[in-house]
Amino acid sequence: MKTPGPGSRRGRIFGPGVGEDVDRELRTHLEMRTRELVEQGWDPGEAAREAARLFGDAEEVARACRTITERQIRAERRMGMWDAIRQDVRYGLRTLLKAPEFALIGMLTLGLGIGANTAVFSVVDNVLLAPLPYEASDDIVWMRERNTRGGTMAVAWANFVDWREQAGGFQALAAYGSRATTVLGAEQPLVGRVTWTTADLWSVFRARPERGRLTVADDHQPGAEPVGVVSGRFWRNELSSTPLADLFLEVNGVRVRIVGVAADGFDFPSGTDVWVPVDETDQPTSRTSHNWDVVGRLGPGSSLPAAAAEMNALTLRLVEGSDDDPDFLATGVVMRTLHEQIVGDSRRALLLLLGAAGLVLLVACTNLASTLLARGATRSRELAVRASLGAPRGRIARQLLTESTLLALAGTAVGLGVAALVLHALKALGPESIPRLGEVAIDGSVVAFAVGIALLTVLVFGLLPARRLSRPDAGAALREGGRGVAADRRAGVWRVLVVGEVSLALVLLVGSGLVVRSFQNLLQEEVGFDAADVTTLALSLSPAKYPSSAEHADWYRRFVEEVRGIPGVSAAGFVSSVPFQGYFPNARLELDGDLEKHAVGGYVLADAGAFEALDIPLVAGRLFDERDGPDGAHVAVVSESFAEAYWPGENPIGKSVTGGGMDEFWQDGRFAQVVGVVGDVRFRALARESEPTVYFPYAQRPSRTQFSAYVVVEAATGDVGALAPALRTTLQRLDPDVPPRITPLEETLRASVAPQRFTMLLLGGFAVLALVLAAAGIYGVVSYQVAQRTREMGIRLALGGRRSTVRRMVVGQSLGVVGLGLMIGVLAVLAGGRVMSAFLHGVAPTDPFSLAAAVVVLGVAAALAAWIPAARGTRVDPMITMRAE
């Protein structure tokens, strides 16, 4: 029989002695059986063979015995490991409970860092990382046309039709346009967001109805019954879940039968209440009539770059040789994924905030590492005793890591609470430009992220203290009697940690200061109007009740006259575009009675009351008055920038202008004489310069009153809110089917800078948090150093040293390290200036004032954090210190 030897492979793998013990046991058993047979008279050789035969397959028995033995050994090791972990956890909890101040500071430090990161990550995960809630959403693209200036513009219908017919890289293409308008048929008139779309929209998104059906190609044919689809939210909240068989709405003056309810997961364009079919036979054929956005689903095997190249080539081919105005012909397409389009500019802001939160976490972690080192140094005698009693270095390190892990887990619990509070603040402060912000919640992935941060913190920032403290100098520590090793070998590590804390905190402070200054500059920009005491009414009339533009204009005239008679109203007027409301059309204009002399500018319909209510200054000439009615000579008012751009050095009064593409007057050469010049107004955004603008009296060119109309009202008392009831009553009396949308203009102005305010507040909060954590870290390190140098300080004082001198020595040494951190932080700010430049307005990323202010604030905080423990240490009687030594 052959038995496995002690050098077998399994014996080598499963630990020393297992294979050898099994083999020895089997040999002993066979030898005993052989002796028994020999005693019974068997020949020794025959006895050995018989014993082996009776025993069976020795190889199999050996393997079974080794398996059983190895399983027992592993079980014993697991039990031993869990026992050791339980001991470490129990001991770690007792240790932390004996030092509640240290435990509380550690939990709060980590909790703040983890909480800030978890909250921002939850937003980034939901907004930037999570896919859109549509099937194969990565294949959905959004596109517009590129203009001659490199910007984007809406798509011309003629171009879209040719794209749909000739582009081969798409499964489906759909055009859509969306705006808020009056919707009738609910319990009361309301303003709903209506989207006019082609039939392929549902194919692009592979959407399904919750009830009924979606629109189909036949619904877009001439003579088809007007039908529509409503969102689930709108159907339940505004239509009280009315059965579809009985559901009709009036949309833009058309009675629409609702044939379906879109599933809750479908929300495109965002906030749409009603989708209605586009009448494809009633669209302009000009390639410069830009009114539509387009979405498409890429075909199998197609990619975004390939589709963009195809569409660019196709578009250039379509506009080649066109007689339309070349300034408004497309030069190509701008195409991006729908996810990228929806996220928009919020990506940069969120990534900046995530980076800032990461810096806060690094400050918290370095603070924790220095605190763990200081805490461990005060336990040097305890660690030395354990080492002298035979505890291996790994055992000590594991115990210290266990304590760090307990602290990190407790910090995670605190961090999740902090994250919930921060997330609540993010939702309250977050601008509408951040999509899906209201859906953000702390879910399983967010909790996993928080736990992962905590474990990473332990691994990176708890390992260094554990590694260093697990090598105690037992003799020196015992001689020091528990006061710590006088020759502080950890000073170098602490200096590195403090330098890191200070430099990171400075980067955050400078960034916050830059954003604050940028926001101040933004608010100080001259907008060209006065938003104080002004409220706006957005109005939309039913084309069924007012079929002609003249009837629209007459209704607005009567309503404005009624509003001017309300007590407390100092001025009121009509205007087709309100600053920062998002609608500001521009187009080609013709000058000086010459249809070949072109200009480009924004055009606005208004009356004299609008200029008065908005306090737009008159620079030259006059404003509109009673002479400028429908039957009067056509007139216009231009902005200063328009006059300077197209009549430089000339008197613009008496010049003439007409609006190409705006209405029918340019076709018969009817020009408007310029009678006045007003100040420039920033209609689009505070951060954008004002554009050359032409104002026409709405009574003379009323066609645009059918699409967008506002009445602006200035309150004489300054309390715009007090006017709201009277405005509603007046509107109800004049036409109860027009829902009131009353918004103070200052509220609109605040909403326009909400993204910048959001970034400023969060970045400022993170900077303050980093400042507090850095100061706390410096305080902790200096406190430990003072405790370590008690004997030295006592000797200096006993020999006649002045307390102020000793304090300056301690503070000076600490500030030397802080100064190095400030220098590194300044270099980091200078190197990373390009990152911040995209978020700044009117201030350079290397702004010396912001740098100097941050350095002073952080330096003062560091000096105070170092002075307090130094002052406390020098108050001890030196004789008491000497006797204790």
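All values reported here derive from a predicted model rather than from experimental measurement. (Residues numbered from 1 in each chain as written. Predicted model: local features only at pLDDT ≥ 70, side-chain atom pairs only at ≥ 80, totals over all residues. Heavy atoms only, no water.)

Enquirer: In this structure, what is going on with the pattern of salt bridges? I would like to understand it.
Expert: It is possible for side chains bearing opposite charge to pair when their charged atoms get close. Within the structure shown, the criterion is met by 27 salt bridges. Among the ionic pairs, Arg-236 bridges to Glu-210, the shortest N-O distance being 3.6 Å. Here Glu-210 lies in strand β6 (residues 209–212) and Arg-236 lies in helix α8 (residues 232–237), a separation of 26 residues in the sequence. Between Glu-691 and Arg-688 there is a salt bridge; the shortest N-O distance is 3.6 Å. Among the residues examined, Glu-691 registers a relative accessible area of 18% and is labelled buried. By relative accessible area, Arg-688 is classed as partly exposed at 45%. (Salt bridge = Lys/Arg side-chain N within 4 Å of Asp/Glu carboxyl O. Helix = DSSP H or I, 4+ residues; strand = E, 2+ residues; numbered from the N terminus. Buried < 20%, exposed > 50% of the residue type's maximum accessible area, 1.4 Å probe, protein only.)

Enquirer: I tried to follow the nonpolar core on my own but got confused; where do I start?
Expert: Burial of nonpolar side chains together is a common tendency in soluble globular proteins. Counting 101 residues, the largest nonpolar core has Val-123, Phe-529, Val-575, Tyr-695, Val-712, Ile-778 and Leu-858 as the members making the most contacts within it. Dropping the residues within four chain positions of it, Val-575 is found in contact with Val-604, Leu-605, Ala-606, Ala-610, Ala-709, Tyr-710 and Val-712. Counting 41 residues, the second largest nonpolar core, distinct from the first, contains Ile-566, Ala-572, Val-694 and Ala-709. (Core = buried A, V, L, I, M, F, W, Y, C linked by side-chain atoms within 4.5 Å. Contact = heavy atoms within 4.5 Å.)

Enquirer: Please clarify how a negative patch on the surface should be interpreted in this entry.
Expert: Together, Asp-530, Asp-533, Glu-612, Asp-615 and Glu-746 give the surface a local cluster of negative charge. Along the chain, the position of Asp-530 falls in the loop between α16 (491–523) and β13 (534–539). (Patch = residues over 30% accessible without salt bridge, like charges linked within 9 Å, V, L, I, M, F, W, Y side chains within 5 Å. Areas by Shrake-Rupley, 256 points an atom, 1.4 Å probe, with all protein chains shown as cover. Lys, Arg positive; Asp, Glu negative; His and termini not counted. Charge placed at Lys NZ, Arg CZ, Asp CG, Glu CD.)

Enquirer: Explanation requested: helix α9 (residues 304–319) in the structure shown.
Expert: Count 3.6 residues to each turn of an α-helix, and residues three or four apart come out pointing the same way. An ideal rise of 1.5 Å per residue puts 22 Å on 16 residues; α9 measures up with 22 Å between its terminal C-alpha atoms. Taken residue by residue, α9 has Ala-307, Ala-308, Met-311, Leu-314, Thr-315, Leu-318 and Val-319 as its buried positions. One side of α9 carries all its buried residues, which in axial view fall inside an arc of 135 degrees. Exposed residues pointing more than 90 degrees away from the buried face of α9 are listed as Pro-305 and Arg-317. Its buried side turned inward, α9 meets β1 (140–146), α6 (157–166), β4 (170–184), β11 (290–298) and β12 (332–337). Directly after α9, the chain includes Gly-321, whose backbone phi takes a positive value near 80 degrees. (Expected span 1.5 Å × (residues − 1). Arc of directions from axis to C-beta.)

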